[in-house]
Amino acid sequence: METPKEAKPATVPERDKQAGETPVTPDPIRVAGAEPGVWTERMQTALVRGLKGNRWFSLIDKVYADRTLELAWEKVESNAGGSGVDNSTIARFAKDCPRGLLDLKEQLRTASYQPLPVKRVWIPKPGTNEKRPLGIPVVRDRIVQTALRMVIEPIFEHRFAEHSYGFRPGRGCKDALRRVQVLLDEGRTWIVDADLKGYFDTIPKDRLMSQVAERIADTRLLALIRSYLDQGVMEGLALHEPTERGTPQGAVISPLLANIYLDPLDQLLAEHGKEMVRYADDFVLLCRSEEEAKAALTRVQTWVAKNGLTLHPEKTRIVDATQPGGFDFLGYHFERGWKWPRRKATDKLKDKVRKLTPRTSGESMEATITKLNEVLRGWFGYFKHSSRSGFYGLDGYIRGRLRAILRKRAGKRGRGRGQDHQQWRNRYFDELGLFSLTRAHALARLSPKGVSN
């Protein structure tokens, strides 16, 4: 790593101390995403003050440092996950972890490390009958990717735009949603609702690597990043060769690389005073007029085309949020000053409820409700900020599923009837401890923070 050759920070106070005063030690610099066991205070100081040439050298040794690999393994182990193409599991690696980490260290040190192909599996796409591909790297590759991310993330994180929220330390969906609400309240109700078509699969690799190389000069580390972009994909017994585009979905390093590639767009819009809220490849621009929204969309279209990406022609649109129709963002629907869970979010919840409440369930009602409550509390924790969300209807749907189980056990056919509501009243489920979305929402509104935060 190249660091500035200037002198160490002066220890002279800004003003003379009065007699008897205790000297104040300045707080150490802390950079977002910087792991203490990986990024030293000296490195963080150099990052904040700036480096000569604005590029970092000799970083590969930080990746294969013992402490970095140990921290990376801890994160991979805690995240669990399935096995890759080598069928090696987390548990198997854990049995001889010291030896496994030592082997990785030696391979990285000698530049003999090569990632294995990624295993492709297809998982359901929420709210649709479609499926999307997910890549599962082998355990050893997940460890190295995690170590790599811990080393390079602060370099880019330090300069990312303020309005980017996805996959960044200390930020999340709720922060992005709060920002959207603030901008709507300010009168920015003309929305550019943008959708990048197949973003992760279409990022031009060479251009991405050029952007990474603007901040990192370590050729071995750059080669390591490129090796992940060029990983093959195994689907069954078939090996798919890498293409010139795309980052491997499911890879630990992919979200960071995706943010790096879109950062110039973030910076461009910020420079021109455009209010954007982005979470990974999902973003909206909030404007004060239709003319401003059209100009903002044109600017985005120009940048996207120039950088080898594509806006989805059917899903990218300009919306007046004060009129019927509104727009969706991060699971919420915004319309005419209100927000509530989008249709896909409620459909996804119903799917989970159906799986937990088959009519032929042999579990006790108490056990079923316990499992339901875990799902309902988690769902409500995200959507409790809704101002009009149909919680009452969802509660009725859930109780109806439970009544269908009880009806089946009573030897009756079909769905619940009116008499079932008399036999198993709402109070019956309340006494069994069923979580009520409606009641939880009412209680949240009475809390000091309410449900708008």
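Just so you know, these numbers come straight off a predicted model, no measurement behind them.

**Student:** Give me the overall build of the chain: which residues, what numbers.
**Tutor:** Looking only at helices and strands, the chain features 18 helices and 11 strands. Relative to its full complement of 453 residues, the chain shows a buried share of 45%. When contacts within the chain are restricted to residue pairs at least 6 apart in sequence, long-range pairs at least 24 apart make up 72% of them. Accessible surface, the chain as shown: approximately 24,000 Å² in total, 50% of it carbon and sulfur. Here the chain contributes 77 positive and 57 negative side-chain charges, whose respective centroids are spaced 7 Å apart.

**Student:** Got a sec to walk through the packing of aromatic side chains? Specific residues and values, please.
**Tutor:** Across all of its chains, the model carries 16 aromatic pairs by this definition. Where tryptophan 379 meets phenylalanine 383, the ring centres are 4.7 Å apart and the plane angle is 40°; that geometry is what we call tilted. Note that tryptophan 379 and phenylalanine 383 are positioned in helix α14 (residues 365-383) at a spacing of four residues, about one turn of the helix. A relative accessible area of 10% places tryptophan 379 in the buried class. By relative accessible area, phenylalanine 383 is classed as buried at 6%. By the ring-pair criterion, three or more aromatic residues cluster together here, those being Phe327, Tyr332, Phe334, Trp379, Phe380, Tyr382, Phe383, Phe391 and Phe435. For the cation-ring pair, arginine 171 lies above tyrosine 165, with the distance from its terminal atom to the ring centre recorded as 5.0 Å. Between the NZ or CZ atom of lysine 350 and the centre of the ring of tyrosine 397, over which it lies, the distance is 5.1 Å.

**Student:** With reference to specific residues and values, describe the packing of helix α9 (residues 205-213) against helix α10 (residues 219-229).
**Tutor:** Direction vectors running N to C along α9 and α10 enclose 155°, while the axes themselves pass 11 Å from each other. The angle between α9 and α10 places the two elements in the roughly antiparallel class. Every pair of crossing elements has a handedness; the one defined by α9 and α10 is right-handed. Contacts between α9 and α10 involve Lys205, Asp206, Leu208, Met209, Val212 and Ala213 from the former and Leu222, Ile225, Arg226 and Leu229 from the latter. In the contact of α9 with α10, the residues fall into seven nonpolar, no polar and three charged.

**Student:** Run through the packing of α14 against helix α15 (residues 391-409), naming residues and quoting values.
**Tutor:** It is at 13 Å that the axes of α14 and α15 come closest, and there the two elements cross at 165°. The angle between the axes of α14 and α15 places the two elements in the roughly antiparallel class. Here α14 and α15 pass one another in a crossing that is right-handed. In contact with Met365, Thr368, Ile369, Leu372, Leu376, Trp379, Phe380 and Phe383 of α14, α15 contributes Phe391, Leu394, Ile398, Leu402, Ile405, Leu406 and Arg409.

**Student:** Quick rundown of the confidence of the model for the chain? Include the residues and the values.
**Tutor:** Note that predicted coordinates carrying low pLDDT should not be read in detail. Residue-level pLDDT values for the chain average 88, and 91% of them are 70 or greater. In this model, residues 1-26 is a region of pLDDT below 50 whose contacts with residues beyond four sequence positions or in other chains number 21 contacts.

**Student:** Mind laying out the sheet that holds strand β10 (residues 332-335), listing which residues take part and the relevant values?
**Tutor:** Taken in spatial order, the three strands of this open sheet run β9-β10-β11, and their pairing is antiparallel. Each having just a single partner strand, β9 (327-329) and β11 (338-341) make up the two edges of the open sheet. Taking the axes of each pair of neighbouring strands and ignoring which way they run, one obtains an average angle of 30° across the sheet. As defined by bridge partners, β9 adjoins β10 across three bridges and the pair is classed as antiparallel. Bridge assignment links phenylalanine 327 to a residue of β10, and that residue is phenylalanine 334.

**Student:** Tell me about the pattern of salt bridges, residues and numbers included.
**Tutor:** A full pass over the atoms with the stated rule returns 27 salt bridges. For glutamate 106, the salt bridge goes to arginine 109, with nearest N and O atoms at 2.7 Å. A residue pair is termed a helical-turn pair when its members lie 3 or 4 positions apart in one helix, as glutamate 106 and arginine 109 do in helix α5 (residues 97-109) at three residues. The partner of glutamate 335 in a salt bridge is arginine 336, and the shortest N-O contact between them spans 2.5 Å. Overlapping salt bridges, with partners in common, bring together Lys205, Asp206, Arg226 and Asp230 in one network.

**Student:** With reference to specific residues and values, describe helix α13 (residues 343-356).
**Tutor:** Since the α-helix turns once every 3.6 residues, residues separated by three or four places project in the same direction. Across its 14 residues, α13 extends 20 Å between first and last C-alpha, which sits within 8% of the 20 Å expected from 1.5 Å per residue. For α13, the complete set of buried residues consists of Ala345, Thr346, Leu349 and Val353. Down the axis, α13 shows its buried residues gathered within 95° of arc, on one side only. In α13, the exposed residues that point more than 90 degrees away from the buried face are Arg343 and Lys355. Looking at the buried side of α13, the elements it contacts are β11, α14 and α15.

**Student:** Can you break down helix α1 (residues 41-49) residue by residue, with the values?
**Tutor:** All of the buried residues in α1 are Met43, Gln44, Thr45, Ala46 and Leu47. Immediately beyond the C-terminal end of α1, within one or two residues, lies glycine 50, with a positive phi of roughly 100°.

**Student:** Which residues make up the nonpolar core, and what values do they have?
**Tutor:** Ile143 and Ile152 are the most contacted members of the largest nonpolar core, which has 74 residues in total. Ranked by the residues each element gives to this core, the list is headed by helix α6 (residues 139-157), at 10 residues. Within the second largest apolar cluster, 42 residues are counted, among which are Phe329, Val353, Met365 and Ala440.

**Student:** Break down a positive patch on the surface for me, with residues and values.
**Tutor:** Where like charges cluster on the molecular surface, the positive patch consists of Arg132, Lys348, Lys352 and Lys355. Counting residues per element, the positive patch draws most heavily on α13, at three residues. Its place among the elements puts lysine 348 in helix α13.

Cut-offs used in this document
- Residue indices follow the written sequence of each chain, beginning from 1 at its first position.
- pLDDT decides what is reported in this predicted model: residues at 70 or higher carry local features, side-chain atom pairs at 80 or more are listed and counted, and totals for whole chains, interfaces and linings draw on all residues regardless.
- Excluding hydrogens and water, the side-chain figures rest on all heavy atoms present in the structure.
- In this text, helices come from DSSP runs of H or I with a minimum length of four residues, and strands from runs of E with a minimum of two, each type numbered from the N-terminal end.
- Categorising residues by exposure relies on relative accessible area from a 1.4 Å probe, with only protein chains included: less than 20% of the type maximum marks a residue as buried, more than 50% marks it as exposed, and the intermediate range marks it as partly exposed.
- Should any heavy atoms of two residues lie within 4.5 Å, those residues are counted as being in contact.
- Values of accessible area rely on a 1.4 Å probe in the Shrake-Rupley scheme; residue burial ignores everything except the protein chains shown.
- All tallies of charge rest on Lys and Arg as positive and Asp and Glu as negative; His and the ends of each chain are not included.
- Just so you know, the charge point we use is NZ for Lys, CZ for Arg, CG for Asp and CD for Glu.
- In this analysis, rings of Phe, Tyr and Trp, with Trp reduced to its six-membered ring, are considered paired at centre separations within 6.5 Å, and the interplanar angle assigns stacked below 30 degrees, edge-to-face beyond 60, and tilted for intermediate values.
- Cation placement over rings: the criterion is NZ of Lys or CZ of Arg within 6 Å of the ring centroid and within 35° of the ring normal.
- Interaxial angles span 0 to 180 degrees and are taken between N-to-C directions of axes, which are lines fitted to C-alpha atoms, for helices over the stretch in contact.
- Each angle gets one of four labels, with under 35 degrees taken as roughly parallel, over 145 as roughly antiparallel, 65 to 115 as roughly perpendicular, and the rest as oblique.
- The sense of a crossing depends on the near helix, which, turned anticlockwise from the far helix by less than a right angle, makes the crossing left-handed and, turned clockwise, makes it right-handed.
- Gly is put with the polar residues, along with every residue not named as nonpolar or charged; the nonpolar set is Ala, Val, Leu, Ile, Met, Phe, Trp, Tyr, Cys and Pro, and the charged set is Asp, Glu, Lys and Arg.
- Residue-level confidence of the predictor is what pLDDT reports, using numbers from 0 through 100.
- Should DSSP find at least two bridges between two strands, the strands are regarded as paired.
- A pair is scored as a salt bridge if a Lys or Arg side-chain nitrogen falls within 4 Å of a carboxyl oxygen belonging to Asp or Glu.
- Given the number of residues in a helix, its expected span is that number minus one, multiplied by 1.5 Å.
- As used here, the arc belongs to the directions running from the helix axis to the C-beta atoms.
- What makes a nonpolar core is a set of buried Ala, Val, Leu, Ile, Met, Phe, Trp, Tyr and Cys residues whose side-chain atoms join them at distances within 4.5 Å.
- Patches draw on residues past 30% relative accessible area with no salt bridge. Two like charges within 9 Å are joined, as are two nonpolar side chains (Val, Leu, Ile, Met, Phe, Trp, Tyr) within 5 Å.

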